[in-house]
Amino acid sequence: MIYLDAAATAPPRREVLEAMWPYLTTEFGNPSSSHSAGESAARALEEARETAAAVLGCRPGEIIFTSGGTEADNLAVKGLALTGMDRLDRMDRLDRLDRLERPAHERSGASPQLVSTAVEHPAVLESLDYLRRRHGFRVMLLPVDETGMVDPEEAAAALTPETVLCSVMYANNEVGTIQPVGEIAARCRAAGVPFHTDAVQAGGWLDLDVGTLGVDALSLSGHKLGTPKGIGLLYLRGAPPLEPVMHGGGQERGRRSGTENVAGAVGMAAALALAAAERDDAARHASALRNRLIDAVLRGVPGALLTGHGTERLPGHASFCFPGTSGEAVLLELERAGVLCSSGSACAAGSDEPSAVLTAMGLDRETAQTAVRFTFTAAIREGDVDRAAQEVVAAVAAVGGLAPARLRA
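Reading guide: rules and limits
Residues numbered from 1 in each chain as written. Predicted model: local features only at pLDDT ≥ 70, side-chain atom pairs only at ≥ 80, totals over all residues. Heavy atoms only, no water. UniProt positions renumbered as here; feature names shortened; annotations may be inferred. Helix = DSSP H or I, 4+ residues; strand = E, 2+ residues; numbered from the N terminus. Rg over C-alpha atoms; globule rule 2.2 N^0.38 Å. Contact = heavy atoms within 4.5 Å. Areas by Shrake-Rupley, 256 points an atom, 1.4 Å probe, with all protein chains shown as cover. Lys, Arg positive; Asp, Glu negative; His and termini not counted. Charge placed at Lys NZ, Arg CZ, Asp CG, Glu CD. Polar contact = N/O pair within 3.5 Å; in protein donor to acceptor, adjacent residues only side chain to side chain. Buried < 20%, exposed > 50% of the residue type's maximum accessible area, 1.4 Å probe, protein only. Pairing = 2+ DSSP bridges. Disulfide = S-S within 2.5 Å. Axes fitted to C-alpha atoms, helices over the stretch in contact; angles between N-to-C directions. Right-handed = clockwise from strand over helix to strand, strands pointing away. Salt bridge = Lys/Arg side-chain N within 4 Å of Asp/Glu carboxyl O. Parallel < 35°, antiparallel > 145°, perpendicular 65-115°, else oblique. Left-handed = near helix turned anticlockwise from the far one by under 90°. Nonpolar A, V, L, I, M, F, W, Y, C, P; charged D, E, K, R; others polar.

Looking at an unreviewed UniProt entry, the protein chain carries the name cysteine desulfurase, with the source organism given as Arthrobacter gengyunqii. Note on the protein chain: under the UniProt heading Sequence similarities (unreviewed entry), the record states "Belongs to the class-V pyridoxal-phosphate-dependent aminotransferase family. NifS/IscS subfamily." Taken verbatim from the UniProt record of the protein chain, the Catalytic activity (unreviewed entry) comment is "(sulfur carrier)-H + L-cysteine = (sulfur carrier)-SH + L-alanine".

Shown next as structure tokens:
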């Protein structure tokens, strides 16, 4: 089997599992308990927080452990937006007495605004929609070009005095395009608007130093880095007021209630440390094999369309549309041949709707439904890439009736 669906979930790493094992067995205490077993768990949790903070270049208290990237996105978007709405409400009350005497363009009182993009993960987009439906927020979704890239100038132009949050993902899960988050974050900072980035796909491949990026909040998921599923984190700059989305025992400094997943946090920290140490070599290796796969597929499948940015692309990510075929049919052919991949976001599994990311990039519905995504870790081998490319050519030919081209050695 050749596994090319790491963007959905990466294989667990042995080093990570070994780091977690004691906290799944003998060191099972609740970190909120005051006895020795609880204190041992609490120490492990704080050591994990310190390790994660060292990778991100932040303070340990700025790390909030969550159940994964989806919860981290929800907490960032909903928590910061609702807090921002409260701030605008207070300003509006203070301003109400003299507002009518101001010029119309200077009057406050408008609904709070959220700025994001049309190509975000559903965890962000559905959180935005919830805030629009239930709390009256205005949502501005920035367009992207044909490569899936956001223009920082358009992001800056969308900011208003009522904008309480801007959220732009670091790298796209479906097409691999890397966004200029540093530039967008700088424009948000100049406008006094908090900036969040979903960095779930960027983890392990791109620089996660939050000072360099200039972000106020950043989401990560462990199972993209080699942990079991069920752990993630949110970085939150400083200690701003944050409306929690989970209430209860007040864990994580009142920002995320619920007994902490100590083993998961330990695994998350171990995975982050490993990824940071290996990042440069891993990115070089994966980028070279990604390009080899792209070249072979484009050479072997007439009419194949590479989606995403040509150069600003995640190292282990190659995605295509094969017009005239069915993406799902191509996937089935590939699975029969022992190549596992996907048609796009795993979070949209079971939907027959075309990818919102691809249609936002200007592709028609029919073409978008032919998408196939190949994503891999740095453990990928040259022989696996070559065999996968050959099987792609054969699968498209079998589904679409195209004559396969001979691949050069």
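Here the narrative resumes, following the displayed structure.
A.B. asks: Explain the overall build of the protein chain to me, please; I cannot follow it from the model alone.
C.D. replies: A tally of helices and strands in the protein chain yields 12 helices and 12 strands. A globule of 409 residues ought to have a C-alpha radius of gyration of about 22 Å, and the protein chain, at 23 Å, matches this closely. In terms of principal-axis extent, the alpha carbons of the protein chain reach across some 75 × 60 × 35 Å. Of all intrachain contacts in the protein chain linking residues separated by at least 6 positions in sequence, the fraction that spans at least 24 positions is 74%. Carbon and sulfur atoms provide 51% of the accessible area of the protein chain, an area that totals close to 17900 Å². Positive and negative side-chain charges in the protein chain, numbering 38 and 52 respectively, have mean positions lying 1 Å apart.

A.B. asks: Explanation requested: the side chain of Glu62 in the structure shown.
C.D. replies: Mapped onto the elements, Glu62 comes out in the loop between helix H2 (36-56) and strand E2 (63-66). Polar side-chain contacts of Glu62 include one of 2.9 Å to the backbone nitrogen of Arg59. Engagement of the side chain of Glu62 in a polar contact is seen with the backbone nitrogen of Gly238, the distance being 2.7 Å. Apart from residues lying up to four places away in sequence, Glu62 is in contact with Leu234, Tyr235, Leu236, Arg237 and Gly238.

A.B. asks: How should I be thinking about the pairing of strand E12 (residues 371-375) in this particular structure?
C.D. replies: As a general feature of sheets, a regular strand has side chains that alternate between the two faces. With five of five residues buried, E12 lies mostly within the body of the structure. Every second residue of E12 is oriented toward a common face, with Ala371, Arg373 and Thr375 on one face and Val372 and Phe374 on the other, all of them buried. Across five bridges, strand E10 (residues 317-321) lies against E12 in antiparallel orientation. In the strand pairing of E12, Phe320 is matched with Val372.

A.B. asks: How should I be thinking about the state of the cysteines in this particular structure?
C.D. replies: Think of a disulfide as a covalent bridge from one cysteine sulfur atom to another cysteine sulfur atom. In total, this model carries zero disulfides according to the counting rule given. For Cys321, which is in no disulfide, the shortest distance to another cysteine sulfur is to Cys341 and amounts to 13 Å. Look at Cys321 and you get buried, because its relative accessible area is 0%.

A.B. asks: Can you help me understand the sheet that holds strand E7 (residues 217-221) in this one?
C.D. replies: Strand pairing in a sheet takes place through backbone hydrogen bonds and is either antiparallel or parallel in direction. In space, the seven strands of this open sheet follow the order E2-E8-E7-E6-E5-E3-E4, with mixed pairing throughout. Looking along the sheet, the strands with just one partner apiece sit at the ends: E2 and strand E4 (138-142). Here the strands of the sheet are splayed against their neighbours by 20 degrees on average, with no regard to which way each runs. Of the strand pairs in this sheet, strand E5 (residues 163-167) and strand E6 (residues 195-198) are connected by two bridges, and their pairing is parallel. Opposite Cys166, over in E6, you have Phe195 as the bridge partner. Of the strands in this sheet, E2, E7 and strand E8 (232-236) touch H2, which is tilted by about 115 degrees from E2.

A.B. asks: How should the sheet that holds E10 be read in this particular structure?
C.D. replies: Taking strand neighbours across the sheet as the criterion, the three strands line up as E9-E10-E12 in an open arrangement whose pairing is antiparallel. In this open sheet, the two edge strands, each paired with only one partner strand, are strand E9 (305-307) and E12. On average, adjacent strands in this sheet sit at an angle of 30 degrees to one another, irrespective of strand direction. Bridge analysis of E9 against E10 gives three bridges, and the strand direction is antiparallel. Following the sheet pairing, Leu305 is matched in E10 by Cys321.

A.B. asks: When you look at the pairing of E4 in this model, what are you seeing that I'm missing?
C.D. replies: Summarising the sheet, strand E3 (residues 113-117) and E4 pair through five bridges and their orientation is parallel. Across the sheet, the residue bridging to Ser116 is Leu141, located in E4. Where the polypeptide runs from E3 across helix H4 (residues 122-135) and back to E4, its parallel neighbour, the crossover connection is right-handed.

A.B. asks: Is there a simple way to explain the UniProt feature "domain: Aminotransferase class V" (unreviewed entry) in the protein chain in this structure?
C.D. replies: UniProt records the feature "domain: Aminotransferase class V" (unreviewed entry) at residues 2-82 and 113-387, using the numbering of this structure. The span residues 2-82 is 57% helical and 7% strand by assignment, and the distance between its end C-alpha atoms comes to 44 Å.

A.B. asks: Even after reading the chapter, I still don't get unusual backbone geometry, so can you show me in this structure?
C.D. replies: Most peptide bonds adopt trans geometry, and most residues besides glycine take a negative phi value. Unlike most non-glycine residues, Glu252 shows phi in positive territory, near 55 degrees. Topologically, Glu252 is positioned in the loop between E8 and helix H8 (262-300). In this model, Arg253 sits at a positive phi of 55 degrees, which is unusual for a non-glycine residue. Counting through the fold element by element, Arg253 comes out in the loop between E8 and H8.

A.B. asks: Even after reading the chapter, I still don't get the pattern of salt bridges, so can you show me in this structure?
C.D. replies: Between side chains of opposite charge, a pair can form as their charged atoms come close. Tallied over the full model, the rule gives 19 salt bridges. The residue Arg292 makes a salt bridge to Asp386 at a minimum N-O spacing of 2.7 Å. With Arg292 in helix H8 and Asp386 in helix H12 (residues 382-400), this pair connects stretches of sequence that are 94 residues apart. Given a relative accessible area of 31%, Arg292 falls into the partly exposed group. What makes Asp386 partly exposed here is its relative accessible area of 26%.

A.B. asks: Just checking my understanding: could you explain the packing of H2 against H8 for this structure?
C.D. replies: Helices that pack against each other are described as a pair by the angle of their axes relative to one another and the distance between those axes. Where H2 contacts H8, the two axes come as close as 8 Å, and the packing angle between them is 25 degrees. Between H2 and H8, the angle falls in the class roughly parallel. Judged by the sense of rotation from one axis to the other, the crossing of H2 with H8 is left-handed. In this structure, H2 contributes Ala41, Ala44, Leu45, Ala48, Thr51, Ala52, Val55 and Leu56 to the contact, and H8 contributes Val262, Ala265, Val266, Ala269, Leu272, Ala273 and Ala276. Each residue belonging to the contact of H2 with H8 can be placed in one class, and the counts come to 14 nonpolar, one polar and no charged.

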